[in-house]
Amino acid sequence: KLGSSSLPLQIPDALLMERDKRARWQGIPVLLKRLYESSHPNSDMTQIHSFVKELSSLLSMEAMSIVTEERKTPQESTFPNTYTFDLFGGVDLLVEILMRPTLTTQKDVPKMSDDLVKDCLSVLYNCCICTDGVTKSLASRDDFILFLFTLMSNKKTFLQTATLIEDILGVRKEMIQLEDIPNLAGLVQSFNQQQLANFCRILSVTISEPDVGVDDKHTLLARNAQQRANAGPSRAEVNQVALLNIPGFVERLCKLATRKVSEASGTSSFLQELEDWHTWLDNALVLDALMQIASDEAEQSSTESSDESSLAASPLGHRLPQSMKIVHEIMYKVEVLYVLCVMLMGRQRNQVHRMLAEFRLIPGLNNLFDKLIWRKNTSSHVLHGQNQNCDCSPEISFKIQFLRLLQSFSDHHENKYLLLNSQELNELSAISLKANIPEVEALVNTDRNLVCDGKKGLLTRLISVMKKEPAESSFRFWQARAVESFLRGATSYADQVFLLKRGLLEHILFCIIDSGCKSHDVLQSYFDLLGELMKFNLDAFKRFNKYVNTDEKFQIFFNQINSSLVDSNMLVRCIVLTLDRFESQTEDMRVVEVLSECCLLSYMARVENRLSFLFRLINIINVQTLTQENVSCLNTSLVVLMLARRRGKLPFYLNALREKEYAEKYPGGLLNNFHNLLRFWQHHYLNKDKDSTCLENSSCIPFTYWKETVAVLLGSDRTCPYAIASYIDEAYMDLDRDF
């Protein structure tokens, strides 16, 4: 029943003690034997507690050495006490002692004290820290995990329970179902705000799709296969719904995210100390424990004297300056923003959006921006992928999480105008009026009671700090992504002009041309933003020409574009689309002027330059290597060919591809690859609706025309001048390869 816990029972005490001396077991097997003998349904809890305390002191020093010395890979030789404790069944025994009250049908069972529960949890946690195997074996026990959640309803044992659950869920292979937790809604509603913030740490593991960290790197083939295999909603999605159904849950998260920290003047050097400690203080729970000690001491001393300054005199009080409270608050907010961000990206996106707007999340964050979110420039750090575990300081994690939330909030959603204040919304209306174009419907529908207040809205504040960001800072990546998502969707002239008036285009060009930026991620985010900012916008191309006013600058700009087409192809697509539109508006003299003067448009107007981009776009991808990140190259090459088809030039382009192959002495190479890519395109896009609306919005080409063009290119009639098959000699044909 108890696995190996019966091991010490069968060995006489004398033999155990004799062996103990040689093996240096520190008396652990004998203690476990006593604990086992004294633990039965009607046992004396004080006796059990004394054995647990004794064991706890033997194990805690080993765990402490891991925490302070940052030993990443525990080995049994390094932690002999924990190893011995586990070997002789200590872990199973403690789990049984903890769970026994829930398993017995007997009435009047002696109740375990909070302190005993705490000490049992503490021993288990120490074992998890020192021995990987313990965490894994506990993670495989559903009954124990669900039991731990019920312990969280007790404020006295909350911290220890939360810490242990977090560790266990971190190694668990299969995601737990939140619906299985007894009375989940009641449990969550019983938490105070501090507990709710810590609970968000645990929730983050239960609502994020596994493997999402390498999402962009996952091939689309693999992802499509996975989606077919898991047709229904995933466990993470079911868990998100369970949380949304808890009354008041999202509202309380919004309150947590936007509450202020009572700021004191001057920051202590303690913050620097904390930066050094964050390796083991990265857990808000540890900080909570420190806070707890401080407030307990404050309570004690306040009973002795009514002097309010007694906290400062207490041993820990003087080590808890304002800056620590700020960092503590920041750590909470990181967890809360993460949960909100994941929910904004889920299937319930529209419901979450309505709630975040109603509970004024954006105005609340706007009010915190200067005082807390961007209160100082944080030193630069290594850029992490979207969902990589970040070992950054709390301040850095907080900024990234905040920017990711803004990105998710405004991406293809009409609520994006909540990022502005009333004056800024009026400015957008005035821009539309002056240009004699109708206001965007989403702008008209924006509820003015829910927008930002104060002198500046959140978007404008973001652009201000973006322009001051040091050249090498990788916050630039997240900042550019957040601003770009505001522009995404159907192109809005007023939105573009609003940002152009704030000097955004010149700032981006400075970063690409003059700052010596080498980071692929940052460059990609800037090219994407530039594409959205300039698309179809005469003023933007004029401003570009004014900034890029020498051949040298133009050359540097194009070298950056050519250094990686995967990063820059969205900008190439924007230039090609804009050129096509401007060429059809030559009755407008302003358009004619820009077409003749702008170096960028003149360059793309030369057919050999467009063909050069087309060759390379098709050449750098194939079906096996397509990912969410580089599939845009395929769509950009399609845009070039759709525009050619509209003007009756498609056969010319296809023939140019054939000639390129022969010049490269690789007949069929480009065209077979492109044919396969287009077959995959049909297979991928004709099954989904979201991607198709994105393609339509970003190109202003109806999706029906995308589908028709692909169908024409894939036609099997080898006499048709629009079919790829017509341009490949039979000897080199390889069109129907299985994906």
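Computed from a prediction, not measured in an experiment: that's the story for all the values here. Per chain, the residues get numbers from 1 upward, laid out in the order the sequence is written. Residues qualify for local features only when their pLDDT is at least 70, as the model is predicted, and side-chain atom pairs are given and counted only at 80 or more; totals for whole chains, interfaces and linings, by contrast, use all residues. Note that the side-chain values use all heavy atoms of the structure and ignore hydrogens as well as water.

Q: Give me the overall build of the protein: which residues, what numbers.
A: Across its full length, the protein holds 39 helices and 0 strands. Looking at the 739 residues of the protein, the share that counts as buried comes to 53%. Whether two residues touch is decided by their heavy atoms; if any such pair falls within 4.5 Å, the residues are in contact. In the protein, of all internal contacts separated by at least 6 residues, the share reaching a separation of at least 24 is 76%. Each helix is a run of H or I in the DSSP string that is no shorter than four residues. Each strand is a run of E no shorter than two, and both are numbered from the N terminus. For every residue, the accessible area (1.4 Å probe, protein chains only) is compared with the maximum for its type, and the residue is labelled buried under 20%, exposed over 50%, or partly exposed between those bounds.

Q: Explain the packing of helix α35 (residues 631-646) against helix α37 (residues 669-685) to me, and be specific about the residues and the numbers.
A: Relative placement of two packed helices is described by the angle separating their axes and the distance separating the axes. Think of each axis as a best-fit line through the C-alpha atoms, taken over the contacting stretch in the case of a helix, with angles from 0 to 180 degrees between the N-to-C directions. With their axes 11 Å apart at the nearest point, α35 and α37 run at an angle of 105° to one another. Here α35 is positioned roughly perpendicular relative to α37, judged by the angle of their axes. Within the contact between the two elements, α35 uses V631, L634, N635, S637, L638 and L641 and α37 uses F674, L677, L678, W681 and Y685. Residues are grouped as follows: Ala, Val, Leu, Ile, Met, Phe, Trp, Tyr, Cys and Pro are nonpolar; Asp, Glu, Lys and Arg are charged; every other residue, Gly included, is polar. A class-by-class count of the residues in the contact of α35 with α37 yields 9 nonpolar, 2 polar and no charged. Note on terminology: angles under 35 degrees are roughly parallel, angles over 145 are roughly antiparallel, angles of 65 to 115 are roughly perpendicular, and the others are oblique.

Q: Tell me what's going on with the packing of aromatic side chains, and back it up with residues and numbers.
A: Two rings from Phe, Tyr or Trp (for Trp, the six-membered ring) form a pair when their centres sit within 6.5 Å of each other. Planes less than 30 degrees apart are called stacked, planes more than 60 degrees apart edge-to-face, and all others tilted. Applying the stated rule across the entire model yields 21 aromatic pairs. Considering the side-chain rings of F369 and F402, the 5.8 Å spacing of their centres and the 55° angle between planes classify their relative orientation as tilted. With F369 in helix α20 (residues 361-373) and F402 in helix α21 (residues 394-410), this pair connects stretches of sequence that are 33 residues apart. For the pair shown, F369 and F402 are each scored as buried. An aromatic cluster is built from F527, F544, F554, F557, F558, Y603 and F613, whose rings are joined through pairwise contacts. Geometrically, a charge over a ring is one whose NZ (Lys) or CZ (Arg) sits within 6 Å of the ring centre while staying within 35 degrees of the ring normal. Sitting above the plane of the F498 ring, R502 keeps its charged end 3.7 Å from the centroid.

Q: Describe helix α14 (residues 249-258), with residues and values.
A: Of all 10 residues that make up α14, 8 are buried, and the element is covered over most of its length. For α14, the set of buried residues is F249, V250, R252, L253, C254, L256, A257 and T258.

Q: How would you explain the environment of L340 if you had to name every residue and give the values?
A: Inspection of the secondary structure assignment puts L340 in helix α18 (residues 322-344). Residue class for L340 comes out buried when judged on its relative accessible area of 0%. For the pair L340 and S204, spaced 136 residues apart in sequence, the C-alpha to C-alpha distance is 9.7 Å. Among all residues touching L340, those that are not within four sequence positions of it are V250, L253, A257, L356, L361 and L405.

Q: Before we move on, can you summarise the pattern of salt bridges with the specific residues and values?
A: Oppositely charged side chains can pair when the atoms bearing their charge come close. Each reported salt bridge corresponds to a side-chain nitrogen of Lys or Arg within 4 Å of a carboxyl oxygen of Asp or Glu. Within the structure shown, the criterion is met by 29 salt bridges. With its nearest N and O atoms 3.2 Å apart, the salt bridge here joins R488 to D411. In this pair, R488 sits in the loop between α25 (475-487) and α26 (493-500) while D411 sits in the loop between α21 and α22 (422-434), placing the two residues 77 residues apart along the sequence. A residue is classified by how much of its surface remains accessible, and R488, at 24% relative accessible area, is partly exposed. Note that E484 and R481 form a salt bridge whose closest N and O atoms lie 3.0 Å from each other. Of the two residues, E484 and R481 are both situated in helix α25; the distance of 3 residues between them amounts to about one turn of the helix. Relative accessible area serves as the criterion here: at 4%, E484 is assigned to the buried category.

Q: So what about the nonpolar core? Which residues, and what values?
A: Buried residues of nine kinds, namely Ala, Val, Leu, Ile, Met, Phe, Trp, Tyr and Cys, make up a nonpolar core once their side-chain atoms join them within 4.5 Å. With 221 residues, the main nonpolar core has F144, F149 and F557 as its most contacted residues. Sort the elements by how many residues they give to this core and α18 lands first, with 13 residues.

Q: Explain helix α7 (residues 132-139) to me, using residue names and the numbers behind them.
A: Among the residues of α7, those classed as buried are V134, T135, L138 and A139. In a view along the axis of α7, the buried residues occupy a sector of 130°, so they form one face of it. In the core, the buried residues of α7 are packed alongside α4 (80-87), α5 (90-103), α6 (114-130), α8 (142-151) and α9 (158-171). Working definition: the arc comes from the directions between the helix axis and the C-beta atoms, pointing outward to the latter.

Q: How would you explain the state of the cysteines if you had to name every residue and give the values?
A: Here, disulfide denotes a covalent bond that connects the sulfur atoms of two cysteines. A pair of cysteine sulfur atoms is labelled a disulfide when the two atoms are within 2.5 Å. Throughout the structure, instances matching the rule amount to 0 disulfides. Of all cysteine sulfurs, the one in C517 lies closest to C511, which takes part in no disulfide; the gap is 7.2 Å. By relative accessible area, which is 1% here, C511 ends up buried.

Q: Talk me through the packing of α5 against α8; I want residue IDs and the actual numbers.
A: At a closest axis distance of 11 Å, the pairing of α5 and α8 adopts a crossing angle of 70°. On the basis of their axis angle, the class for α5 and α8 is roughly perpendicular. As α5 packs across α8, the resulting crossing turns out to be left-handed. Along its contact with α5, which presents V95, L98, M99 and T102, the element α8 presents D143, F144 and F147. In the contact of α5 with α8, the residues fall into 5 nonpolar, 1 polar and 1 charged. Crossings are assigned a handedness: left-handed for a near helix turned anticlockwise from the far helix by less than a right angle, right-handed for a clockwise turn.

Q: So what about the side chain of S208? Which residues, and what values?
A: Relative to the assigned elements, S208 resides in the loop between α11 (193-207) and α12 (220-229). Whenever a nitrogen or oxygen atom comes within 3.5 Å of another N or O atom, the pair is scored as a polar contact, on the condition that within protein one atom can donate a hydrogen and the other can accept it, and that pairs from neighbouring residues in sequence are kept only if both atoms are in side chains. Within the local environment of S208, its side chain forms a polar contact with the backbone oxygen of S204, the two atoms lying 2.7 Å apart. Within the local environment of S208, its side chain forms a polar contact with the side chain of Y338, the two groups lying 2.7 Å apart. Contacts of S208, omitting those with residues within four sequence positions, involve M175, A236, Y338 and V342.

Q: Tell me about the side chain of Q479, and please be specific about residues and values.
A: Structurally, the position occupied by Q479 is in helix α25. Reaching out from Q479, the side chain makes a polar contact with the side chain of E469 at a distance of 3.0 Å.

Q: Outline unusual backbone geometry, listing residues and values.
A: In this structure, R360 takes a positive phi of about 55° despite not being glycine. If you trace the backbone, R360 turns up in the loop between α19 (349-358) and α20.

Q: Any details on the confidence of the model for the protein? Residues and values, ideally.
A: Looking at any residue, its pLDDT shows the predictor's confidence there, from 0 to 100. Looking at the protein, pLDDT values average 83 and 80% of them are 70 or higher. Within the protein, the lowest mean pLDDT, 35, falls on helix α17 (residues 310-313), and the highest, 98, falls on α26. Contacts from residues 263-282, a stretch scored under 50 in pLDDT, to residues over four places away or in other chains number 33 contacts. Scored below 50 in pLDDT, residues 303-319 makes 17 contacts in the model with residues more than four places away or belonging to other chains.

Q: I'd like a description of the environment of M604, backed by residues and values.
A: Looking at the element boundaries, M604 is found in helix α33 (residues 599-605). For M604, a relative accessible area of 1% corresponds to the buried category. Linking M604 and I575, residues 29 residues apart in sequence, is a C-alpha distance of 7.3 Å.

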